[in-house]
Amino acid sequence: MAILYLWDVKQVDTYPSHTDSQDPANTESDVVYNVHWRLKGEDDANNDADGNPQRGEVYGSIGLDVSDLSSFTAFADLAVADVQAWVEAAMGADQVQEYKDNIDAQIAEKVTPTSESKVIGS
C-alpha cells in the first residue's frame with residue numbers, strides 16, 4: 001500500500017488572554033491551548049468499486065503546553081504547518097505512528113475484509 005497521510009489541524013481552542021507562567025510580564029492574546037485534529041490516510045494503490053482510493057481516518061484533540069510563551073506566534077501569523085508540528089510534538093513519534101498504523105489497518109480491512117454482514121433470507 002502507498003498511503004498518503006494528511007493532517008487537518010485547523011480547529012483550535014484559544015485563551016483570549018494568557019500570561020506566561022515563566023515571565024508574568026508577558027501576556028499574549030489568542031493563545032492556542034488545544035487542537036482538534038484529524039489524520040486522514042488515502043491509499044492510491046487500492047481503489048473501491050467506484051474507482052475511488054480507499055480511505056481511513058482517526059481524530060481527537062490534544063492540549064498544548066502554554067506555560068512558556070517565549071516562542072509565541074501570533075494567531076494571525078499561524079500556519080497549518082506550525083500547528084501540525086505542535087500536535088505531532090505533543091503526541092510524540094510513537095503515538096503518531098500508532099495512529100498511522102490504525103489507518104493502515106482500516107484501509108487493509110476495506111481491501112481484504114475479515115468479516116462481512118449478511119442478511120438471512122436475502
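In what follows, the structure referred to is the one given above.
What you see is a predicted model; the values in this text were computed from it and never measured.

### Considering the overall build of the protein chain
Stage number 1. Counting its secondary structure elements, the protein chain contains two helices and three strands.
Stage number 2. When the helices and strands of the protein chain are placed in sequence order, the string is β-β-β-α-α.
Stage number 3. For 122 residues, the compact-globule formula gives about 14 Å, and the C-alpha radius of gyration of the protein chain, at 20 Å, lies well above that figure.
Stage number 4. Taken over the C-alpha atoms alone, the protein chain extends approximately 70 × 30 × 25 Å along its principal axes.
Stage number 5. Pairs at least 24 residues apart make up 68% of the contacts formed inside the protein chain by residues separated by at least 6 positions.
Stage number 6. As displayed, the protein chain has an accessible area near 8000 Å², and 46% of this comes from carbon and sulfur atoms.

### Regarding helix H2 (residues 93-111)
Stage number 1. Look at H2: 27 Å from first C-alpha to last across 19 residues, which is about the 27 Å you get at 1.5 Å a residue.
Stage number 2. For H2, the set of buried residues is Val96, Ile103 and Ile107. Down the axis of H2, the buried side of the element spans an arc of 40 degrees, and every buried residue falls inside it. Residues Asp94 and Glu98 are exposed on H2 and point more than 90 degrees away from its buried face.

### Regarding the environment of isoleucine 3
Stage number 1. Examined against the element boundaries, isoleucine 3 turns out to sit in strand S1 (residues 3-19).
Stage number 2. The class for isoleucine 3 is buried, based on a relative accessible area of 17%.
Stage number 3. With 28 residues separating them along the chain, isoleucine 3 and valine 31 place their C-alpha atoms 34 Å apart.
Stage number 4. Those residues in contact with isoleucine 3 that sit more than four places away from it in its chain are Gly41, Glu42, Asp43, Asp104 and Ile107.

### Considering the packing of aromatic side chains
Stage number 1. Here the structure, examined in full by the defined rule, presents three aromatic pairs.
Stage number 2. Plain terms: the ring middles of tryptophan 37 and tyrosine 99 are 4.9 Å apart, the flat faces sit at 50 degrees to each other, and that makes the pair tilted. Taken together, the positions of tryptophan 37 in strand S2 (residues 27-47) and tyrosine 99 in helix H2 put the pair 62 residues apart, joining distant regions of the chain.
Stage number 3. Take tyrosine 99: its relative accessible area is 23%, and that puts it in the partly exposed class.
Stage number 4. An aromatic cluster of at least three residues, connected via ring pairs, comprises Trp7, Trp37 and Tyr99.

Procedures and definitions
Residues numbered from 1 in each chain as written. Predicted model: local features only at pLDDT ≥ 70, side-chain atom pairs only at ≥ 80, totals over all residues. Heavy atoms only, no water. Helix = DSSP H or I, 4+ residues; strand = E, 2+ residues; numbered from the N terminus. Rg over C-alpha atoms; globule rule 2.2 N^0.38 Å. Contact = heavy atoms within 4.5 Å. Areas by Shrake-Rupley, 256 points an atom, 1.4 Å probe, with all protein chains shown as cover. Expected span 1.5 Å × (residues − 1). Buried < 20%, exposed > 50% of the residue type's maximum accessible area, 1.4 Å probe, protein only. Arc of directions from axis to C-beta. Phe/Tyr/Trp six-rings, centres within 6.5 Å; stacked < 30°, edge-to-face > 60°.

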